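Secondary and tertiary structure notes
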Amino acid sequence: RKMFAKTLELGAKRYQAPETMGLGEKLTNALLDKLVRKKVAQRFGGSLKGFVSGGGRLDPEVGLFFTALGVRLLQGYGQTETGPVVCCNTPATLKIETVGPIFPDVDVKIADDGEILVKGELVMRGYWNDDAATARAFDAEGWLQTGDIGAFDDAGRLMITDRKKDILVMSGGDNVSPARIEGKLALRPEIAQAVALGDGESHVAALLVVDDGWAAEKGFKDAAPDDAGLRKAIGAAVDAINRDLSVIE
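The rules behind the values
Residues numbered from 1 in each chain as written. Predicted model: local features only at pLDDT ≥ 70, side-chain atom pairs only at ≥ 80, totals over all residues. Heavy atoms only, no water. Axes fitted to C-alpha atoms, helices over the stretch in contact; angles between N-to-C directions. Helix = DSSP H or I, 4+ residues; strand = E, 2+ residues; numbered from the N terminus. Parallel < 35°, antiparallel > 145°, perpendicular 65-115°, else oblique. Left-handed = near helix turned anticlockwise from the far one by under 90°. Contact = heavy atoms within 4.5 Å. Nonpolar A, V, L, I, M, F, W, Y, C, P; charged D, E, K, R; others polar. Buried < 20%, exposed > 50% of the residue type's maximum accessible area, 1.4 Å probe, protein only. Arc of directions from axis to C-beta. Salt bridge = Lys/Arg side-chain N within 4 Å of Asp/Glu carboxyl O.

1. Observations regarding the packing of helix 1 (residues 2-16) against helix 2 (residues 23-43)
Where helix 1 contacts helix 2, the two axes come as close as 10 Å, and the packing angle between them is 125 degrees. Between helix 1 and helix 2, the interaxial angle falls into the category oblique. The handedness of the crossing between helix 1 and helix 2 is left-handed. Across the interface between the two elements, Met3, Phe4, Lys6, Thr7, Leu10, Gly11, Lys13 and Arg14 of helix 1 pack against Glu25, Thr28, Asn29, Leu32, Asp33, Leu35, Val36 and Arg37 of helix 2. Here the residues of the contact of helix 1 with helix 2 sort into six nonpolar, four polar and six charged.

As structure tokens, this is what we get:
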């Protein structure tokens, strides 16, 4: 267990800040390649070159976990309407927080409201026998409106930050991403599921589902929602998440 934890620690450091690794850490990390990462690779057949992640935004912490273990995880992006792949990380351009550089012969731009727009031969001509839906899918200049919110990093790699329809507009005009808040909450062992609410309100609230396994382990299996001990434990988990969020979030 200690070797596994050290593998995650040094693997993350090798990815995030390799220049800060000392000689001892480099030697230890090389040893862990043999003692831990090689065994992990064997669990995947021994000759795995990489996974491609798609279908939804990859949580960076999940990507870092696999990367630290020596399992290459390449996140990509696309939609059925784009035939379907617009971009993808490659081993040479891998950055976990992004979905990679745009493929050749594909045009992508970010609209004023942050929406990702796509053009190219890969884009559909329209929905079958549904002219109204087709008209809604494209803007006046013929760009496909993906409904996803994103931005480019300094190297031209695309980053997906949210779904356009999921943005909460608070009463003060601030835009809040519920997916970001929900993702952080659901990473806590105490919380199985989370839904963030607050469109048009002055603050964000959340509906939380307590994790059954955690509840059984901590003696809260049959606790009522207003149980003082349960509320204190969940409150502490939410407080910990709030420290990583902005004031409006």
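2. Looking at helix 5 (residues 178-186)
Those residues of helix 5 that sit buried are Pro178, Ile181 and Leu185. Looking down the long axis of helix 5, one finds its buried residues gathered within 70 degrees of arc, a one-sided arrangement. On its buried face, helix 5 is in contact with strand 7 (158-163), strand 8 (168-169), strand 9 (175-176), strand 10 (191-197), strand 11 (205-210) and helix 7 (228-242).

3. Topic: the pattern of salt bridges
For the structure on display, the rule yields nine salt bridges. Between Lys6 and Glu9 there is a salt bridge whose closest N-O contact spans 3.3 Å. In this pair, Lys6 and Glu9 are both assigned in helix 1, three residues apart and thus about one turn of the helix distant. Lys6 gets classed as partly exposed once you look at its relative accessible area, which sits at 32%. Using a relative accessible area of 43% as the deciding quantity, one classes Glu9 as partly exposed. The partner of Asp153 in a salt bridge is Arg157, with the nearest N and O atoms 2.9 Å apart. By relative accessible area, Asp153 is classed as buried at 11%.

4. What to know about the environment of Asp105
Topologically, Asp105 is positioned in the loop between strand 3 (85-88) and strand 4 (106-110). Classification of Asp105 as exposed rests on a relative accessible area of 73%. When the C-alpha atoms of Asp105 and Val71 are compared, they prove to be 30 Å apart, with 34 residues separating the residues in sequence.

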